[in-house]
Amino acid sequence: MNASQISTYLGANRLLSVFWIILFTMTVLITYPQAAQAHPLSASYTNIDFGQEGTTLDFSIDETSVLENIKADTNNNEKLDPDELDIWGDKIADWIGDSIALEADGRQQAETLLNLDMKDENGTRYVTIHWEFPAYSPGTTITINDGLYYDNGNTTYTNLLAATQGGQLSQAILQGKERDWTILLTENQISQGEPTVEQQEMTTPAPQSPSSTDSGSPPHEVEQTTSHSPAARSAWLSFLQLGMNHILGGYDHLLFLLALLLGRQTFKQYALTITAFTVAHSITLTLTYLDLIHLPSKWIEAGIALSIVYVAVENIFLRNIRFRWLITFLFGLIHGMGFADILMGMHIPAKEVAIDLASFNIGIEIIQLALVAIALPILKYLQKRSAYNNGMKVASCLIAAAGAFWLFERLL
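Note that the structure is predicted; figures quoted are calculated from it, not measured.

A look at the overall build of the protein chain
A tally of helices and strands in the protein chain yields 13 helices and 12 strands. Buried residues in the protein chain amount to 50% of all 412 residues. A fraction of 77% describes how many contacts in the protein chain between residues 6 or more apart in sequence connect residues 24 or more apart. On the protein chain, roughly 19,700 Å² of surface is accessible, and the fraction owed to carbon and sulfur atoms is 60%.

Dropping the structure here:
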């Protein structure tokens, strides 16, 4: 095709050309910056125990985030080995300590570093720092502030926080610009009457520990008091937002969804495909969190990459797509296990599991359906153009290449 023919083609198919250019650009931008990590969602887990003898705070963050900020991988094996953790432990502790603060009645508290260690959960390695603070009496207002990645627009960093005191458990999700979590330690008044609405929403009873049961003084409850903090919002809303952020940060999930939509299908076929994906990932998201099924994270992520390659190749070589809903259901089971990864380090109380998991899943669905609602009318219009097939095949080749890159990377 010479320059004159190209000019004529672009003039006759201007809208289609603009669409493919935008699609190609988006695919390249999605793939290239995420070469090292397909999920830009960095997650941490904070566990605080307000004891009568002292307060302990354990902060865990994924190994990748540590190595991105502290150049501790001296042997270049892309892992933080035990000897490297020993050598760089103080630097890592300083990096975390500069961003995580605990205040009591408005005064920042000095922590005592106990130790750092490594742990592996579901195939993901975490660095955990263990701090100790003084014991705090009833009436003390405690504030946790997390400033990690606060001004970094390239990550949807999330801190899943759990606090326990005297058998009471309270949880919060710190994300976006809302990183302050405030609680008031008060005498436990639940035994004197029914808890208030706020207590029902913000504090979840847990089994009494032997230490708190045998103690001579009454346990304290963890009660949220500030309406502007994330902890003061209903838990379901926090999990809804977490689900929305998680799918927006999961570029491989988004490419899979795009590949599903590119192939020519009827509206009925599209509806079956999206429904099959929703049902499948909802099943495995729940089963994975409940630990009823378990696969190493490495193989789940590789399976997600393989699903992208398969659907893109199907777009290239199949003229009539008839049973995509079935393939989508099977791959959706794998994607659901990937969706659950962010929740695996958060121990949701048994009575709250159904609501929290449903809210998280609904958040995922809101974003997916919004993207489908935007893309599908455009695609149906463009599919009326004769040049659509060629453009779709080129786009599918690019998507398949991205999936193949991730597949190779994740199997190494």
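What to know about the packing of helix 9 (residues 267-289) against helix 11 (residues 324-339)
At their nearest, the axes of helix 9 and helix 11 sit 7 Å apart, and the two run at 30 degrees to each other. Put simply, helix 9 runs roughly parallel to helix 11. In this structure, helix 9 meets helix 11 at a crossing whose hand is right-handed. Residue-level inspection shows L272, T273, A276, F277, V279, A280, H281, I283, T284, L285 and T288 of helix 9 in contact with helix 11, the latter providing R324, W325, T328, F329, G332, L333, H335, G336, M337 and F339. For the contact of helix 9 with helix 11, the residue count by class is 12 nonpolar, 8 polar and 1 charged.

Considering the packing of aromatic side chains
Overall, the coordinates contain 5 aromatic pairs when judged by the stated rule. Ring plane angle 50 degrees and centroid distance 5.8 Å describe the contact between Y310 and F331, whose orientation is recorded as tilted. Separated by 21 residues along the polypeptide, Y310 in helix 10 (residues 297-317) and F331 in helix 11 bring together distant segments of the chain. Clustering of aromatic rings is evident, with ring pairs tying together F256, F277, Y310 and F331. Over the ring of Y150 we find K177, and its NZ or CZ is 4.3 Å from the ring centre. Over the face of the ring belonging to F267 we find K380, whose NZ or CZ atom lies 5.0 Å from the ring centre.

A few points about the environment of V372
Among the structural elements, V372 can be located in helix 12 (residues 353-382). Taking relative accessible area as the criterion, V372 reaches 11% and is therefore assigned buried. Counting along the chain gives 114 residues from V372 to L258, while the straight-line C-alpha distance between them is 8.7 Å. The residues touching V372, leaving out its near neighbours within four places in the chain, are L257, L261, I274 and P377.

Calculation notes
Residues numbered from 1 in each chain as written. Predicted model: local features only at pLDDT ≥ 70, side-chain atom pairs only at ≥ 80, totals over all residues. Heavy atoms only, no water. Helix = DSSP H or I, 4+ residues; strand = E, 2+ residues; numbered from the N terminus. Buried < 20%, exposed > 50% of the residue type's maximum accessible area, 1.4 Å probe, protein only. Contact = heavy atoms within 4.5 Å. Areas by Shrake-Rupley, 256 points an atom, 1.4 Å probe, with all protein chains shown as cover. Axes fitted to C-alpha atoms, helices over the stretch in contact; angles between N-to-C directions. Parallel < 35°, antiparallel > 145°, perpendicular 65-115°, else oblique. Left-handed = near helix turned anticlockwise from the far one by under 90°. Nonpolar A, V, L, I, M, F, W, Y, C, P; charged D, E, K, R; others polar. Phe/Tyr/Trp six-rings, centres within 6.5 Å; stacked < 30°, edge-to-face > 60°. Lys NZ or Arg CZ within 6 Å of the ring centre and 35° of its normal.

Geometric values such as these leave the question of function open.
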